[in-house]
Amino acid sequence: FPVDRIRNFCIIAHIDHGKSTLADRLLELTGAIAKTEKNKQVLDKLQVERERGITVKAQTASLFYSHQGEQYLLNLIDTPGHVDFSYEVSRSISACQGVLLIVDANQGIQAQTVANFYLAFEAQLAIIPVINKIDLKNADPERAESQIEKVFDIPAEECIRISAKLGTNVEKVLQAVVDRIPPPDHPFKALVFDSNFDHYRGVVANIAVFGGRVRKGDRIVSAHLNKTYEVNELGLLRPDEHPTQRLFAGQVGYIIAGMKDVKEAQIGDTLYLQEQPVEPLPGFKPAKAMVFAGMYPVDQSEYPGLRSAIDRLTLNDSSVTVQRDSSLALGAGWRLGFLGLLHMEVFNQRLEQEYNASVIVTAPTVPYRAVLSSAKLIKEHGSEEITIVNPAQFPDRSQVSEYLEPMVLGTILAPDEYTGKIMTLCLNRRAVQKNMIYIDDQRVMMKYLFPLNEIVVDFYDVLKSMSSGYASFDYENAGYQTADLVKMDILLNGRSVEELTTIVHRERAYRTGKAMCERLKDSIPRQMFEIAVQAAIGSKILARETIKAYRKNVLAKCYGGDITRKMKLLKKQAEGKKKMRRIGNIDVPKDAFISVLKRK
Ligand code: GTP
């Protein structure tokens, strides 16, 4: 395929504005998939995506399109919309020369529309604004267009009005891709922008070829490890693997080259031909983990299996950071870093669904910092300032001159009737207002500086429900600020549970401690003895709840001697136990560790 007839583009939008639906229509229109009900959202391949109805991983497909008598090759990269997954968006963007920026005609510009626009704008991509869902009764495309003009400085005439659902004007979108997005023109090299592990074939890398071509049998080098491989198979993604003999400049496809170890196909790596070495591509900005949690096997014998599952899953999602960790109660495990709480929950769910692994996740924490004053500790760490991702390793006040907490700049867009409620919510989360403007006569855009730990667990959910789903939210890092932090322990019958230790703001300690005890009281089932749940700072007890003793006799329900019924009940109880973690002599449900931090 001649390079001037190739277009690489992705679709970016706020969540639910219709990216996947438009992608389906584009695939149908170009004949890549048949038009049937079953093919709804074909690019959402993961089970968790279908269940939650969200896109988590960016997917790729090549389309053939005829325009004015010429055949074009259009490479489409679908992207997720939720805040937590913006890392995937910036990766998709680096493989493209243009984007379709979708805006829902009903909702107008939302927080991730703004965030994604700037990613594309900074990368100097061609931006095609698309107003979707014009078929809806309350659709107001004019308003969406004037917001686009006002906020992004793109003339309203450049917007294409469509209904992805009905297929209206989707053809115009394809024409615009050909007319407005430039063809790729880079020197020879290929960027690894995603990779998967296949049990039989080893690593399958998704690549964007920036120049030249690669064939089956070629010897290629990965710039990162400087290792040489032979290409066994390559091809296009339409969206299923479609083997070909070669891949050319501008094409996006997959390559299998005998990489056996998941660490060999680093996302962001450059591949080149052995006989034609090149300067590696700049790769990707490494993702910055914002939430950390410990992960442990339910039983230590499952450690090796869980390790390989985590290795393989992190190959597919390189934004997760992994460090080895261990805990007195839970044994050997890992401390993982995620982009947000949803990201962490999705990772956990994928481990369970795709790798059949059962894990315990500890209470999540953000990366705090401490400036050390103790000469001994400074020597031990080799630096004056340390990052604390495990609350159990929180240094004592006496060894520290200052604690710091991570801050983020949050953007909230909402109808103005919710402004008052949102301001109260933000104030309760220790946020400071930075800016507030009307983007049209009814919608307000507010900027707040938040401590990250105040928004990480449930801010988004609370904001959504208080605004009947109308407010949207996105955030970016905003450095660190001094904070008065303390370590709070949770005690079960007087014994501190390391996995529930959290770092809190001193003035918040009482409220958080009380809420955690109440939550635990609700989530730990009654047992054969009384359990005291306490929150403490050092030796000072802040709050206490008591779980009364109760003898759970599951057999009491079966009168008579129905033995199969009895066995069934016993089995059910045993399964219930598996979801529990024994701490001392107390059974704690596996999911209590995360839910304990959510506010009521
Ligand atoms: P994420 O992948 O989770 O970011 O969402 P998305 O942007 O891919 O949105 P998706 O395509 O899943 O569409 C969200 C919802 O909007 C679905 O219920 C679609 O059926 C609906 N939808 C998409 N396009 C249209 C349209 O043109 N008109 C109408 N009425 N509904 C649409």
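Residues numbered from 1 in each chain as written. Predicted model: local features only at pLDDT ≥ 70, side-chain atom pairs only at ≥ 80, totals over all residues. Heavy atoms only, no water.

An unreviewed UniProt entry annotates the protein as Translation factor Guf1, mitochondrial-like originating from Salarias fasciatus. Listed under Subcellular location (unreviewed entry) in UniProt, the entry text for the protein is "Mitochondrion inner membrane". UniProt, in the comment section headed Function (unreviewed entry), describes the protein in these words: "Promotes mitochondrial protein synthesis. May act as a fidelity factor of the translation reaction, by catalyzing a one-codon backward translocation of tRNAs on improperly translocated ribosomes. Binds to mitochondrial ribosomes in a GTP-dependent manner." (UniProt positions renumbered as here; feature names shortened; annotations may be inferred.)

A word on the overall build of the protein. Broken down by element type, the protein carries 15 helices and 33 strands. Taken over 600 residues, the protein has a buried fraction of 55%. Long-range contacts, defined as pairs at least 24 residues apart, comprise 68% of the intrachain contacts of the protein with a sequence gap of at least 6. Per element, the accessible surface of the protein, about 26900 Å² overall, is 49% carbon and sulfur. (Helix = DSSP H or I, 4+ residues; strand = E, 2+ residues; numbered from the N terminus. Buried < 20%, exposed > 50% of the residue type's maximum accessible area, 1.4 Å probe, protein only. Contact = heavy atoms within 4.5 Å. Areas by Shrake-Rupley, 256 points an atom, 1.4 Å probe, with all protein chains shown as cover.)

There is a patch of like negative charges on the surface, built from E149, D153, E157 and E158. Position of D153 relative to the elements: it lies in the loop between α5 (141-152) and β6 (160-161). (Patch = residues over 30% accessible without salt bridge, like charges linked within 9 Å, V, L, I, M, F, W, Y side chains within 5 Å. Salt bridge = Lys/Arg side-chain N within 4 Å of Asp/Glu carboxyl O. Lys, Arg positive; Asp, Glu negative; His and termini not counted. Charge placed at Lys NZ, Arg CZ, Asp CG, Glu CD.)

This part is about unusual backbone geometry. Residues other than glycine predominantly adopt negative phi, and peptide bonds predominantly adopt the trans conformation. Following R238, the chain continues into P239 via a peptide bond in cis, with omega recorded as -10 degrees. Examined against the element boundaries, P239 turns out to sit in the loop between β12 (233-237) and β13 (241-243). Phi is positive for N169, close to 65 degrees, though the residue is something other than glycine. Residue N169 is classed as partly exposed on the basis of its relative accessible area of 29%.

For the rest of this paragraph, the subject is empty space enclosed by the protein. Think of a ball as big as a water molecule: rolled over the atoms, this probe shows where empty space is left. All chains considered together, the criterion is met by five cavities of 30 Å³ or more. Taken together, 13 residues make up the lining of the largest cavity; nearest its centre are R335, T362, N390, E498 and E499. Looking at the lining of the largest cavity element by element, the count peaks at three residues for strand β18 (residues 321-327). Here the lining of the largest cavity is built from residues that sort into four nonpolar, five polar and four charged. (1 Å grid on protein atoms, 1.4 Å probe; cavity = no way out; pocket = protein on both sides within 12 Å on 5 of 7 lines; lining within 4 Å. Points joined across faces, edges and corners; volume = space filled by probe spheres on them. Nonpolar A, V, L, I, M, F, W, Y, C, P; charged D, E, K, R; others polar.)

Closest axis-to-axis distance for the helix α10 (residues 419-428)/helix α12 (residues 459-466) pair is 10 Å, and the angle between their directions is 160 degrees. Taken as axis vectors, α10 and α12 run roughly antiparallel relative to one another. Taken as a pair, α10 and α12 cross one another with a handedness that is right-handed. Counting all contacts with α10, which are made through K421, I422, L425 and C426, the residues of α12 involved are F459, V462, L463 and M466. (Axes fitted to C-alpha atoms, helices over the stretch in contact; angles between N-to-C directions. Parallel < 35°, antiparallel > 145°, perpendicular 65-115°, else oblique. Left-handed = near helix turned anticlockwise from the far one by under 90°.)

Another point: the pattern of salt bridges. Taken as a whole and judged by the stated rule, the model has 20 salt bridges. For E145, the salt bridge identified is with R161, shortest N-O distance 2.8 Å. Highlighted residues: E145 in helix α5 and R161 in strand β6, separated in sequence by 16 residues. By relative accessible area, E145 is classed as buried at 9%. Across the pair E405 and R430 runs a salt bridge whose closest N-O atoms are separated by 2.9 Å. You can see E405 sitting in strand β23 (residues 400-415) and its partner R430 sitting in the loop between α10 and β24 (432-438), a full 25 residues away along the chain.

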